[in-house]
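A structural walkthrough
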Amino acid sequence: MKIDIPEGRDAIEYVWGEMVPGIGIAASNFSLSVYAHTTLGLREFEAARLRIAQINGCVFCLDWRTERDGRKVEEGFADAVAQWRTTEAFDDRTRLAAEYAERYALDHHGLDDEFWKRMTARYSQLEIVELSMSIGSWLAFGRLNHVLGLDTVCMLPSGSSPSAGSPSVKSPSAKRADAP
């Protein structure tokens with residue numbers, strides 16, 4: 001942990017909600033909105049989110065599994081995301097979501113006409129903007145949590161720490177400031 005947290009205080013609530021309430025609460029609302037208002041399919045949403053989590057190295061984000069209407073991606077999905085170029089588990093949209101997330105995070109200047117031709121053939125402009133905002137949220141907030149050491153002290157709704165290694169499910173209705 002890079003930030004001093006008062007004894008007995010929840011690290012996420014303290015950092016995001018109390019240290020910089022004018023910024024942290026707004027950032028939390030943006031992060032939660034990505035989950036609550038998405039129109040993207042679960043697989044493409046999770047492919048992009050997990051690729052950013054893998055790049056950021058955020059322990060909490062890697063452990064998180066988005067749940068919608070009682071559904072989540074299958075076991076092994078995160079492994080497929082890491083192998084997005086070659087996996088047979090993805091359709092074109094899911095593969096593009098993982099590719100876009102990776103390139104957005106690591107080589108945004110390299111998003112060339114060839115990429116955009118493929119992207120606009122499979123995603124509407126609205127979906128591209130939504131995916132871009134979602135990726136930006138995950139990149140910024142997952143990285144923030146990891147850099148400050150908050151990702152290892154975040155608690156999932158089950159009460160377990162993400163560093164315990166068990167896959168967890170969290171729904172967008174869980175109102176926490178630490179949504180990846």
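Located above this text is the structure these notes cover.
Right, let's walk through the structure included here. The residue numbering used here restarts from 1 in each chain and proceeds along that chain's sequence as written. A pLDDT threshold of at least 70 governs which residues receive local features in this predicted model, and a stricter bar of 80 or more applies before side-chain atom pairs are shown or counted, although totals over entire chains, interfaces and linings include all residues. Derived side-chain values reflect all non-hydrogen atoms in the structure, with water molecules and hydrogen atoms excluded from consideration.

On the surface, Met19, Val20 and Ile23 cluster together to form a nonpolar patch covering roughly 280 Å² of accessible area. For Ile23, the location among the structural elements is in helix H2 (residues 21-36). Relative accessibility under 20% of the residue-type maximum defines a buried residue, over 50% an exposed one, and the middle range a partly exposed one, all with a 1.4 Å probe and only protein chains included. For Ile23, a relative accessible area of 60% puts it in the exposed group. Each patch is built from salt-bridge-free residues with over 30% relative accessible area, joining like charges within 9 Å and nonpolar side chains (Val, Leu, Ile, Met, Phe, Trp, Tyr) within 5 Å. Areas reported here follow the Shrake-Rupley algorithm with a probe of radius 1.4 Å; residue values treat only the protein chains shown as occluding. Here, a salt bridge means any side-chain nitrogen of Lys or Arg that lies within 4 Å of a carboxyl oxygen of Asp or Glu. Secondary structure follows DSSP: runs of H or I at least 4 residues long count as helices, runs of E at least 2 residues long count as strands, and numbering of each begins at the N terminus.

Time to look at the pattern of salt bridges. Counting across every chain of the model gives 12 salt bridges. Arg51 is the salt-bridge partner of Glu102, the closest N and O atoms lying 2.8 Å from each other. Taken together, the residues span a long stretch of sequence, with Glu102 in helix H6 (residues 92-106) and Arg51 in helix H3 (residues 42-56) at a distance of 51 residues. The buried category is assigned to Arg51, whose relative accessible area is 14%. For the salt bridge of Glu99 with Arg118, the shortest nitrogen-to-oxygen distance reads 2.7 Å. Here the residue Glu99 occupies a position in helix H6, and Arg118 occupies one in helix H7 (residues 113-122), the gap between them amounting to 19 residues. Residue classification places Arg118 among the partly exposed positions, given a relative accessible area of 27%. What emerges from the salt-bridge pattern is a single network uniting Glu99, Arg103, Asp112, Glu114 and Arg118.

Ring geometry is summarised as follows: Phe, Tyr and Trp rings, the Trp one being its six-membered ring, pair when their centres sit within 6.5 Å, and such pairs are stacked at plane angles under 30 degrees, edge-to-face over 60 and tilted between the two. Using the criterion set out here, one finds 12 aromatic pairs in the structure. With a centroid separation of 5.2 Å and 50° between ring planes, the pair formed by Tyr35 and Trp64 is classed as tilted. Taken together, the residues span a long stretch of sequence, with Tyr35 in helix H2 and Trp64 in the loop between helix H4 (59-63) and helix H5 (77-82) at a distance of 29 residues. Neither Tyr35 nor Trp64 differs from the other in exposure class; each is buried. With centroids separated by 5.8 Å and ring planes inclined at 85°, the aromatic side chains of Tyr100 and Tyr104 adopt a geometry described as edge-to-face. Of this pair, Tyr100 and Tyr104 both sit in helix H6, 4 residues apart, roughly one helical turn.

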